[in-house]
Amino acid sequence: MSSENSSADDVRQVWDVVVVGAGPAGASAAYAAAVAGRRVLVLEKAELPRYKTCGGGITGPSRDSLPPGFELPFRDRVHAVTFSNNGRFTRTRRSKQMLFGLINRPEFDQQLVEHAQKAGAELRTGVTVQRVEQHGPEVPDRRSVAVVLQGGETLLARAVVGADGSASRIGAHVGVKLDQVDLGLEAEIPVPETVAEDWKGRVLIDWGPIPGSYGWVFPKGDTLTVGVISKRGEGAATKRYLEEFIGRLGLAGFEPSVSSGHLTRCRADDSPLSRGRVLVCGDAAGLLEPWTREGISFALRSGRLAGEWAVRIAEAHDAVDTRRQALNYAFAIKAGLGVEMSVGKRLLTVFERRPGLFHAALTGLRPAWKAFMDITRGSTSLGEIVRSHPMAQRALTAMDRRPAPEPAGDEVTS
């Protein structure tokens, strides 16, 4: 934080927008509000850069949501995907054009924050927000929100954006409701050059043995990011899946540099996105794609919207105008990301029962592979495909109605 804002005289200054959390959602919100010329402060409890459990895939929607001039720090560019169904029926599909890029989150997040700072946002790291208050002795007027830090310091803002991750304190203040919680386990595995060369430009996606689970290998130079995800409550089985997955890939002999776990949380359909002058976005709002649990593009897109609407809330002079702007923010989120989430939930339900069907389609049907390529590149979305392709609508509806899971194993013979 610059010295001009740390003097005793400035203790009661009022920020236009305070953003809690400096991940992709928070950095995007801060950038959007700062570009609009507002006084923006970002609060982050960690010191940057910091590690995050994340595959680090940057798809088209993520790329299209970045600030102008942002140079993506790609560790690899993906042109091929190997699909397997619990280690069996392996098939690789290739694309002439890049499908998506792979980044390391510490570098990527740091760079996003630097863009927000260049736009005029200020950053304070190593601070934990205990709570926000919109009424009471700490709040001087109806246009202010008090942000209370651990240690007792209080900051004032005209609007607050909660981007403090999936265990969000700001989310708790807003009353975010979650209806899908998944456990992701991941290992960063340094490998010799010969092994790294074999993975260059290619990722692996494995449909897992636990309903709704899958595993991945994302190459990043001399390190492979290997992970699995499945619904919470299957901790032992998920850990076993990761161990078996690493074993059958021939990677068990290499010592991971990092092993980590993370809970992803999806919002319920009726979950609020705001309360008074406080908005939530990204993981703090439970915004992610329910089937793949992809969160970066949802964080970037919802963060930008939150930053834009936080500016309008900061300018609102009364509760009626504040409410109107908050409802407009919720509408913008639901009209875009909400539609994708509802399709993703339907796909997850089908995938939990019939992973072999997905495997057969992606490895054997040209339209399914083309849809996968178009979605990862950002030329369409899950919601758009279902909305604009009657055949996709009919297929999804038909699969919705099929209750019987197939016997494990014999789905694909490629």
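As the structure is a prediction and not an experimental result, all values here were calculated from the model.

Reading the values: rules and limits
- Residues numbered from 1 in each chain as written.
- Predicted model: local features only at pLDDT ≥ 70, side-chain atom pairs only at ≥ 80, totals over all residues.
- Heavy atoms only, no water.
- Helix = DSSP H or I, 4+ residues; strand = E, 2+ residues; numbered from the N terminus.
- Rg over C-alpha atoms; globule rule 2.2 N^0.38 Å.
- Buried < 20%, exposed > 50% of the residue type's maximum accessible area, 1.4 Å probe, protein only.
- Contact = heavy atoms within 4.5 Å.
- Areas by Shrake-Rupley, 256 points an atom, 1.4 Å probe, with all protein chains shown as cover.
- Lys, Arg positive; Asp, Glu negative; His and termini not counted.
- Charge placed at Lys NZ, Arg CZ, Asp CG, Glu CD.
- Salt bridge = Lys/Arg side-chain N within 4 Å of Asp/Glu carboxyl O.
- Expected span 1.5 Å × (residues − 1).
- Pairing = 2+ DSSP bridges.
- Core = buried A, V, L, I, M, F, W, Y, C linked by side-chain atoms within 4.5 Å.
- pLDDT = per-residue confidence, 0-100.

Student: It is not clear to me how the overall build of the protein should be interpreted in this structure. Could you clarify?
Tutor: On a plain count of helices and strands, the protein comes out with 12 helices and 18 strands. Taken over the C-alpha trace, the protein has a radius of gyration of 22 Å; the compact-globule value for 414 residues is 22 Å, and the two agree within 12%. Taken over the C-alpha atoms alone, the protein extends approximately 70 × 45 × 40 Å along its principal axes. Here the protein holds 414 residues, and 55% of them are scored as buried. Long-range pairs, those at least 24 residues apart, make up 74% of the contacts in the protein between residues at least 6 apart in sequence. Element-wise, carbon and sulfur atoms account for 52% of the exposed surface of the protein, whose accessible area totals about 18,000 Å². Of the charged side chains in the protein, 53 are positive and 48 negative; the average position of the first set lies 6 Å away from that of the second.

Student: Explanation requested: the pattern of salt bridges in the structure shown.
Tutor: Between side chains of opposite charge, pairing is possible as soon as their charged atoms come close. Evaluation of the coordinates by the stated rule reveals 20 salt bridges. Measuring nitrogen to oxygen at the nearest pair gives 3.2 Å for the salt bridge that ties Lys-345 to Asp-269. Placement of the pair is Lys-345 in helix α8 (residues 319-353) and Asp-269 in the loop between β16 (258-267) and β17 (274-275), with a sequence separation of 76 residues. Looking at Lys-345, the relative accessible area reads 18%, which means it is buried. We classify Asp-269 as exposed; its relative accessible area is 59%. With a shortest N-O distance of 2.8 Å, Lys-370 and Asp-374 are connected by a salt bridge. Of this pair, Lys-370 and Asp-374 are both found in helix α10 (residues 366-377), 4 residues apart, which corresponds to roughly one turn of the helix.

Student: Would you explain helix α1 (residues 24-35) in this entry?
Tutor: Note that an α-helix has 3.6 residues per turn; residues three or four places apart therefore point the same way. When the terminal C-alpha atoms of α1 are compared, their 16 Å separation across 12 residues agrees well with the 16 Å that a helix rising 1.5 Å per residue should span. Extensive coverage of α1 is indicated by the burial of 11 of its 12 residues. Those residues of α1 that sit buried are Pro-24, Ala-25, Gly-26, Ala-27, Ser-28, Ala-29, Ala-30, Tyr-31, Ala-32, Ala-33 and Ala-34. Elements that come into contact with the buried residues of α1 comprise β1 (14-20), β2 (40-44), α3 (105-118), β11 (154-162) and α7 (296-315). Just downstream of α1, Gly-37 is the residue with a positive phi angle, here 90 degrees.

Student: Explain the sheet that holds strand β7 (residues 100-102) to me, please; I cannot follow it from the model alone.
Tutor: The strands making up a sheet associate through hydrogen bonds between their backbones, and the pairing can be parallel or antiparallel. Read across the sheet, 3 strands follow the order β3-β7-β4 without closing on themselves; strand pairing throughout is antiparallel. The strands lining the two open edges of the sheet, one partner per strand, are β3 (57-58) and β4 (76-78). Two strands pair when backbone bridges link them, and β4 and β7 are joined in this way by 3 bridges, in the antiparallel orientation. Paired with Asp-76 across the bridge in β7 is Leu-102.

Student: Is there a simple way to think about helix α9 (residues 355-364) in this case?
Tutor: Across the 10 residues of α9, 7 count as buried, placing the element largely inside the fold. Within α9, burial applies to Pro-355, Gly-356, Phe-358, His-359, Ala-361, Leu-362 and Thr-363. Buried residues in α9 make contact with β5 (80-85), β6 (88-94), β13 (202-207), α8 and α10.

Student: Would you mind going over the nonpolar core with me for this structure?
Tutor: Side chains that are nonpolar tend, in soluble globular proteins, to be buried together. Grouped together as the largest cluster of nonpolar side chains are 71 residues, with contacts concentrated most on Val-18, Leu-43, Phe-108, Val-147, Val-160 and Tyr-329. In terms of residues, this core owes the most to one element, α7, which gives 11 residues. Setting aside residues no more than four positions away along its own chain, Val-18 makes contact with Leu-41, Leu-43, Val-147, Ala-157, Ala-159, Val-160 and Val-161. Among the nonpolar cores identified, the runner-up in size contains 26 residues, and Phe-100, Tyr-214, Leu-362 and Val-386 belong to it.

Student: I keep staring at the pairing of strand β10 (residues 145-149) and nothing clicks. Help me out?
Tutor: If a strand is regular, its side chains alternate between the two faces of the sheet. Counting buried residues in β10 gives 5 out of 5 residues, a clear majority hidden from the surface. Side chains Val-145, Val-147 and Leu-149 of β10 all project onto a buried face; the interleaved residues Ala-146 and Val-148 project onto the opposite face, where all are buried too. Direction of pairing for strand β9 (residues 129-133) relative to β10: antiparallel, over a ladder of 4 bridges. Within the sheet, the bridge partner assigned to Arg-131 lies in β10 and is Val-148. Note that β10 and β11 share 4 bridges and pair antiparallel. Within β11, the residue paired with Val-148 across the bridge is Thr-154. Between the antiparallel neighbours β10 and β11 lie 4 residues, among them Gly-151 with a positive phi of about 105 degrees.

Student: Explanation requested: the side chain of Thr-376 in the structure shown.
Tutor: Along the chain, the position of Thr-376 falls in helix α10. Among all residues touching Thr-376, those that are not within four sequence positions of it are Thr-59, Gly-60, Pro-61, Leu-99 and Phe-100.

Student: Where do I start with the confidence of the model for the protein in this structure?
Tutor: Predicted coordinates in areas of low pLDDT are best not read in detail. Looking at the protein, the pLDDT average stands at 91 and 91% of residues meet or exceed 70. Across residues 1-11, where pLDDT falls below 50, the model places 14 contacts with residues more than four positions away in sequence or in other chains. In this model residues 404-414 is a low-confidence stretch, pLDDT under 50, and it forms 21 contacts with partners more than four residues away in sequence or in other chains.

Student: What am I meant to see in the environment of Val-35 here?
Tutor: For Val-35, the location among the structural elements is in helix α1. The class for Val-35 is exposed, based on a relative accessible area of 51%. Put simply, Val-35 and Ala-121 are 86 residues apart on the chain and 8.7 Å apart in space, counted from C-alpha to C-alpha.

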